[in-house]
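Report on the structure
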Amino acid sequence: MLLTTSHRVAPGLLSWPAWQLLHTADRVLCADAGHPELPYLREAGVTVEQTAPDAHRLVEECAGGRTVVVLPSGEGDRQLTDGLARLAGSGRVRMPDLELLPGSYDLPGARLLDLVQVMDRVRRECPWTSQQTHRGLAKYLIEEAYELVEAIEDGDRDELREELGDVLLQVVFHARIAQEGTGGEGEEDGEEGDEPFSIDDVAGGLVEKLIRRHPHVFGDETAETADDVHAHWNRTKAIEKQRTSVTDGVPVGQPALALAAKLTSRVRGSQLDVPLPTGEGVGYRLLALAASAEAAGTDPEAALRAAARAYRDAIRAAEKAAPGTTTVEE
């Protein structure tokens, strides 16, 4: 019996069938003296022999209906499993029943623990990664966000999964830098000695925010429609932020059409009556178009991007139809 465990859950948290097997087995073998389960098995009165049996010896030990449990390391025991497979395929050996029993399972999100560990090591040991700062990485976050939007609009699920990972990397990267209490080596975002925080603080704050802003899920309030949910969210957010202007929290660095739509959305959702400014030039006309689109429930930024993509496709079609066209670099 090969008993596997997950290193992503606390050692000792084994299933009941696993504990039953360990207590009733004739022998329990483990080659890894540092296996995280060993202290808990000893505490539970399970005798574990530190040895690495080969396939032939293991088959012999199972003769007569005896049960031998092998506890592999986190990397597995390829030599043993390959040896057992060869014996089973030879047809010359009477094989015992070979079974695999998962003793513990990964919980949803468990691979995020691996990501945090890998990011920590890369931050410490990679010459490039160890020198990065919040400010220096900002441009990559913007690029990855746009690549994610493109994957969504393309409907490519493989690209979507990859780009979500790239955005997640940026979050974990920034959180790892923040553990050091500065903006990173060579460029500080704040004064030396700023209070550090970790990815757990980021996730914990997000969990609390989601619970606060969904009282219809985690509390006693009710929400029958999406508009009800939106009202809950905005009401709770207003209490939290204590903003003095409806424009507070609207980043002016975002694309201009998105900025215009966000500002008109804020005004429309308030009690203010602020006419659009008028003037000469394309900027004022674009502002009016963005406000009109937002009021109609259309994202002007996404609409223009879709139109631009259609234009790009037309350009490529024209290029194919006219081979030899010179590519112009601007």
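Let me sum up the structure you'll find in this document. (Residues numbered from 1 in each chain as written. Predicted model: local features only at pLDDT ≥ 70, side-chain atom pairs only at ≥ 80, totals over all residues. Heavy atoms only, no water.)

All told, the structure shown has 0 disulfides when counted by the stated rule. Distance from the sulfur of Cys30, which forms no disulfide, to the nearest cysteine sulfur (Cys62) is 16 Å. By relative accessible area, which is 2% here, Cys30 ends up buried. (Disulfide = S-S within 2.5 Å. Buried < 20%, exposed > 50% of the residue type's maximum accessible area, 1.4 Å probe, protein only.)

So, on to the side chain of Glu144. With respect to the secondary-structure elements, Glu144 resides in helix α6 (residues 134-154). Although Glu144 is buried, it makes no salt bridge; Lys139 carries the closest opposite charge, 12 Å away. The contact partners of Glu144, leaving out residues within four places of it in the chain, are Glu163, Asp166, Val167 and Gln170. (Helix = DSSP H or I, 4+ residues; strand = E, 2+ residues; numbered from the N terminus. Lys, Arg positive; Asp, Glu negative; His and termini not counted. Salt bridge = Lys/Arg side-chain N within 4 Å of Asp/Glu carboxyl O. Contact = heavy atoms within 4.5 Å.)

In this structure, Leu3, Leu14, Leu22, Val28, Leu41, Val69 and Leu71 are the most contacted members of the largest nonpolar core, which totals 15 residues. Elements represented by at least two residues in this core include exactly α1 (16-24) and α2 (38-43). The element contributing the most residues to this core is α1, with 4 residues. Excluding residues that lie within four positions of it along the chain, Leu22 makes contacts with Leu3, Leu14, Val28, Leu41, Val46 and Val69. Among the nonpolar cores identified, the runner-up in size contains 10 residues, and Ala55, Leu58, Val70 and Leu84 belong to it. (Core = buried A, V, L, I, M, F, W, Y, C linked by side-chain atoms within 4.5 Å.)

A few words now on a negative patch on the surface. A cluster of acidic residues, Glu143, Glu147, Glu150, Asp156, Glu159 and Glu162, forms a negative patch on the protein surface. For the negative patch, the elements supplying multiple residues, two or more each, are α6 and α7 (157-178). The leading source of residues in the negative patch is α6, at 3 residues. (Patch = residues over 30% accessible without salt bridge, like charges linked within 9 Å, V, L, I, M, F, W, Y side chains within 5 Å. Areas by Shrake-Rupley, 256 points an atom, 1.4 Å probe, with all protein chains shown as cover. Charge placed at Lys NZ, Arg CZ, Asp CG, Glu CD.)

This next bit is on the packing of α6 against helix α13 (residues 300-321). One can describe the packing of α6 onto α13 by two numbers: an axis separation of 12 Å at closest approach and a directional angle of 70°. Compared by their axis directions, α6 and α13 come out roughly perpendicular. Along its contact with α6, which presents Val149, Glu150, Glu153 and Asp154, the element α13 presents Ala302, Arg305, Arg309 and Arg312. (Axes fitted to C-alpha atoms, helices over the stretch in contact; angles between N-to-C directions. Parallel < 35°, antiparallel > 145°, perpendicular 65-115°, else oblique.)

The terminal C-alpha atoms of helix α5 (residues 111-125) lie 21 Å apart, and with 15 residues this matches the ideal 21 Å at 1.5 Å per residue to within 8%. Contacts made by the buried residues of α5 are with α7. (Expected span 1.5 Å × (residues − 1).)

Attention now moves to the pattern of salt bridges. All told, the structure shown has 19 salt bridges when counted by the stated rule. With a closest N to O distance of 3.1 Å, Asp120 and Arg124 form a salt bridge. Highlighted residues: Asp120 and Arg124, both in helix α5, separated by 4 residues, approximately one helical turn. Judged by relative accessible area, Asp120 falls into the partly exposed class, the value being 25%. For the salt bridge of Arg176 with Glu180, the shortest nitrogen-to-oxygen distance reads 3.1 Å. Linked through salt bridges whose partners overlap, the residues forming this network are Asp120, Arg121, Arg123, Arg124, Glu125, Arg176 and Glu180.

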